[in-house]
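# Descriptive analysis of the structure
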Amino acid sequence: MPPSLQDEYIKKEILFGAQNYAPLSVVLKKGKGAYLWDVDGNKYLDMVSAYSAVSHGHSHPELVKTIQDQAENLAITSRAFFTEPFGNFLEKLTKVAGFESALTMNTGAEAVETAIKASRRWGYFTKGIEENKAEIIVADGNFHGRTTTIVSFSTDPSYKDGFGPFTPGFESANYCGSCDCESINNCISIESFERKINKNTCAILVEPIQGEAGIRVPKDGWLKELSKLCIEKNILLILDEIQSGLGRTGKLFAYQHEDIVPDGLILGKALGGALLPISAFLGSKDLMKYFNPGSHGSTFGGNPLAAKVATRALELLFEDNLIENSAELGQYFKSKLQSINNEIIKEVRGKGLWIGMELNDSHINAKDLCLMLLNEGLLCKETHKSVIRFAPPLMISKKELDWAIKKITKVIRSI
Ligand SMILES: *Cc1c(COP(=O)(O)O)cnc(C)c1O
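Residues numbered from 1 in each chain as written. Predicted model: local features only at pLDDT ≥ 70, side-chain atom pairs only at ≥ 80, totals over all residues. Heavy atoms only, no water.

## As for the pairing of strand β7 (residues 201-206)
Along a regular strand, successive side chains alternate from one face of the sheet to the other. Here is the rule we go by: Residue burial is assigned from relative accessible area. The probe radius is 1.4 Å, only protein chains are included, and a residue is buried under 20% of its type maximum, exposed over 50%, and partly exposed in between. Secondary structure is summarised from DSSP: a helix means a run of H or I of at least four residues, a strand means a run of E of at least two, and numbering begins at the N terminus for each. Here the rule is simple: two strands pair whenever DSSP picks up at least two bridges between them. Orient the strands so they point away from the viewer, and a crossover whose first-strand-to-second-strand path over the helix runs clockwise is right-handed.
The buried fraction of β7 is high, at six of six residues. Across four bridges, the pairing between β7 and strand β8 (residues 236-240) is parallel. Bridged to L205 within β8 is I238. This β-α-β element, β7 to helix α9 (residues 222-233) to β8, shows right-handed connectivity.

## What about the site of the ligand?
Put simply, the rule reads: Distances are taken per atom, and a residue is near a molecule or strand as soon as one of its heavy atoms is within 4 Å of it. For the purposes of these results, a polar contact is taken to be a pair of N or O atoms within 3.5 Å, where, inside protein, one atom must be able to donate a hydrogen and its partner to accept one; residues adjacent in sequence count only when each atom of the pair is a side-chain atom. Asp, Glu, Lys and Arg are counted as charged, while Ala, Val, Leu, Ile, Met, Phe, Trp, Tyr, Cys and Pro are counted as nonpolar; the rest, among them Gly, fall into the polar class.
As a structural note, the neighbourhood of the ligand is formed by T107, G108, A109, F143, H144, G145, E207, D240, I242, Q243 and K269. F143 is positioned such that a nitrogen or oxygen atom in its backbone is 3.3 Å from a nitrogen atom of the ligand. Tallied by class, residues from the shell around the ligand come to three nonpolar, five polar and three charged.

## Remarks on helix α3 (residues 61-73)
Just so we agree on the cut-off: Helices are assigned an expected span. That span is 1.5 Å times one less than the residue count. Directions from the helix axis toward the C-beta atoms define the arc. Here a residue-residue contact requires only that any non-hydrogen atoms of the pair lie within 4.5 Å.
Counted at 1.5 Å a residue, the expected span for α3 with its 13 residues is 18 Å, and the 19 Å between its end C-alpha atoms agrees. Buried within α3 are the following residues: L63, T66 and Q70. With its buried residues spanning 55 degrees around the axis, α3 presents them on a single face. More than 90 degrees from the buried face of α3, the exposed residues found are P61, K65 and E72. In this structure, the buried residues of α3 make contact with α4 (84-97) and α11 (304-319).

## Quick notes on the pattern of salt bridges
Let me state the cut-off plainly: Note on definitions: salt bridges are taken to be side-chain nitrogens of Lys or Arg within 4 Å of carboxyl oxygens of Asp or Glu.
Within the structure shown, the criterion is met by 20 salt bridges. The closest approach of N and O atoms between K228 and E225, which form a salt bridge, is 3.1 Å. You can see K228 and its partner E225 sitting in helix α9, three residues apart, about one turn around the helix. Linking E319 and R312 is a salt bridge whose minimum nitrogen-to-oxygen distance equals 3.1 Å. Assessed through its relative accessible area of 16%, R312 is described here as buried. Salt bridges sharing common partners tie together E62, R312, E315 and E319.

In structure tokens form, the structure reads like this:
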């Protein structure tokens, strides 16, 4: 066998780059549908989907054609001008999502920052909160991105260490299942949030299912309680669906499992059709009206190239039946994983094609299991020490999934 090319590329990344990630030792060269290939030509099934950004599959032919056509015509203009694709995209996005208005950015973190700004202005200008006093309540275990303001309200020390001073104006409350009454199986207490509310509270910001925390799924009814609380106390409910949205949980949005509507919705990741970054904050006209010229912006936000791709990506979400596929195959996948029934598995949980397998970490840690799965042709990534997240592209077929289940079962039984 010739020496692997992989080492050379890995060395370069380490030599010339910051070590802010700890990737698995595989160097990828090509992606198509649910598959990825490394530089030595080995083929893998993608169970990470770039943290749920690759719902449509890698290099969807329709989207590749869309990006090529648009790139030949008009790609980047800045918002100094109106463009054809941007207006069409705003119309499509707001209609599909059921919100009156949208503001687009590029990365998820920027859309979260947008939501924070919108909430604060609403707090000052509508609710009448005293200047510079607005507070937003978040949940423990949250992940909303990496800006200095966003890490200010993270509860994970590794996200924060050495990055202070932090932005004030945030309080943290218990995410469902992490309160003192955890022993009570169907506790949907929102008391911890209730206690943090005061006259300066403008918003509650949560993920309907916490992704980076290890696919933490709140008990049925919890989000609804939170929504009721927000209505009662005149507080905005802002949901970060950057990872959970656009079909990942088997519904268009994860909050639809709970029959509620938030005041603000944050999208990103899969919105770009697995080709480029685009994110958005959505809300009512009443909330969005506080953004006036000069108050917020982004050079690349809403650029014609991204707008065109995202418009087509939204159409394909329905044309390719990605949401139903996520619901059906997700249910099937979860039940198959649950039936492996092995003592190294503590719990299998999730919704749609977004499943967390928590391990009894006295037996094996999640990273080692990912390495074993890699050798079997499955690309998976751990989140924290003891959870493996399975999030294949939403276009994955039952046959491909069955193959994955066979491999996962084999690896787990071999431990
Ligand atoms: C990924 C993610 C973000 C951050 O998005 P970036 O594009 O990496 O900035 C924010 N919130 C949630 C829930 C996410 O999963």
